[in-house]
Amino acid sequence: MSVRIHPGSFSKLSRREFIVGSTSAAFTFAMGGASGGGRAPAFELPSLPYPEQALEPVISAKTIGFHYGKHHKGYVDNLNKLTAGTEYADLPLEKIILGTAGKSDKAALFNNAAQIWNHSFYWQSLSPKGGGAPPPALAQRIEADFGSVEACKRELASAAVSQFGSGWSWLVLDGNILKTVKTGNAEVPFVKGLKPLLTIDVWEHAYYLDYQNRRADYVNAVIDQLIHWEFAFRNLGAV
Ligand code: FE
């Protein structure tokens, strides 16, 4: 089952760069592009869509500094090393993910490519002006499929809190139905034909500096104050 991924749109990403973002705050992702000359790294760390301190007090600048500047960057650096001089260096991230998923001999490629994708998607799933109510058209869809926006938030939080160990909680589109899912480690819903709308990172590196073992506090604060419903709505609108 193929799924068009549309966080602005990842599905239409060109080799070198693509635009992700709202009309008010579009920003450029540059995720690939060694095709001309082969000297530059094939994959680049995309820009954060806001300053590192913008998500305080829910997520500290210190957490973002490590999470984005060390962890996310680390996945990019690893993938560049793993793909240097191989055919993978010329592929879009999604093709690497889809082509290596479930293959034990390609686990390092999959893990690093998927973690780049997941984190790029996560940063966009949060906003300093997030939280609150979804756009009315998205709220209608949520009410139809979950019963209420509050029920959707509870399911998203439940998936996040109940994920054993590292992973992700997602709002996805399954066919024409909105649902929440959780994935472990680097797993990405679109590998299974589910279209991601937004995500919450529940690896300990996402919250431990600020919340230690209180994952639920982090998750609930993110849902209440940072979750970027407009981003989910844009992804939904691209169906
Ligand atoms: Fe993370």
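Residues numbered from 1 in each chain as written. Predicted model: local features only at pLDDT ≥ 70, side-chain atom pairs only at ≥ 80, totals over all residues. Heavy atoms only, no water.

Can you tell me about the overall build of the protein, naming the residues and giving the values?
For the protein, the count of helices and strands is eight helices and five strands. In the protein, the order of α-helices and β-strands from amino to carboxyl end is β-β-α-α-α-α-α-β-β-β-α-α-α. Relative to its full complement of 239 residues, the protein shows a buried share of 52%. Taking all contacts inside the protein whose residues are at least 6 apart in sequence as the whole, residues at least 24 apart take part in 63%. (Helix = DSSP H or I, 4+ residues; strand = E, 2+ residues; numbered from the N terminus. Buried < 20%, exposed > 50% of the residue type's maximum accessible area, 1.4 Å probe, protein only. Contact = heavy atoms within 4.5 Å.)

Would you mind going over the pattern of salt bridges in detail, with residue names and values included?
Applying the stated criterion to the full structure yields five salt bridges. Between Asp105 and Lys106 there is a salt bridge, and its shortest N-O distance comes to 3.4 Å. For Asp105, a relative accessible area of 61% translates into the label exposed. Accessibility expressed as a relative area gives 23% for Lys106, which makes it partly exposed. The salt bridge involving Asp174 is made with Lys179; its shortest N-O contact spans 2.7 Å. On the basis of relative accessibility, which here comes to 27%, the residue Asp174 falls in the partly exposed class. (Salt bridge = Lys/Arg side-chain N within 4 Å of Asp/Glu carboxyl O.)

Go over helix H4 (residues 136–146), please, and point to the residues and values.
For H4, the complete set of buried residues consists of Leu138, Ala139, Ile142 and Phe146. Down the axis of H4, the smallest arc covering the buried residues is 100°, so these residues share one side. Among the exposed residues of H4, those pointing more than 90 degrees away from its buried face are Pro136, Gln140 and Ala144. Contacts made by the buried residues of H4 are with helix H5 (149–162), strand S3 (167–174), strand S4 (177–184) and helix H8 (229–237). Two residues or fewer after H4 comes Gly147, characterised by a positive phi angle close to 100°. (Arc of directions from axis to C-beta.)

Describe the coordination of the iron ion, with residues and values.
For the iron ion, the full set of protein donor atoms is His67 (NE2), His119 (NE2), Asp201 (OD) and His205 (NE2), and the range of their distances to it is 1.9 to 2.1 Å. Around the iron ion sit four donor atoms; with metal-centred angles ranging over 89 to 129°, the donor geometry is tetrahedral. Donor residues for the iron ion sit on one chain with the sequence pattern H-x51-H-x81-D-x3-H. In this pair, His67 sits in helix H1 (residues 61–83) while Asp201 sits in strand S5 (residues 195–201), placing the two residues 134 residues apart along the sequence. Across the pair, Asp201 and His67 agree in class, each one buried. (Donors = N, O, S within 2.8 Å, 3.2 Å for Na, K, Ca; no water. Tetrahedral: all angles 85-135°; square planar, octahedral: opposite > 155°, others 65-115°.)

An account of the environment of Gln212 is needed here, citing residue identities and associated values.
Note that Gln212 resides in the loop between helix H6 (208–211) and helix H7 (215–225). Judged by relative accessible area, Gln212 falls into the partly exposed class, the value being 34%. At 3.3 Å, the side chain of Gln212 forms a polar contact with the backbone oxygen of Leu209. (Polar contact = N/O pair within 3.5 Å; in protein donor to acceptor, adjacent residues only side chain to side chain.)

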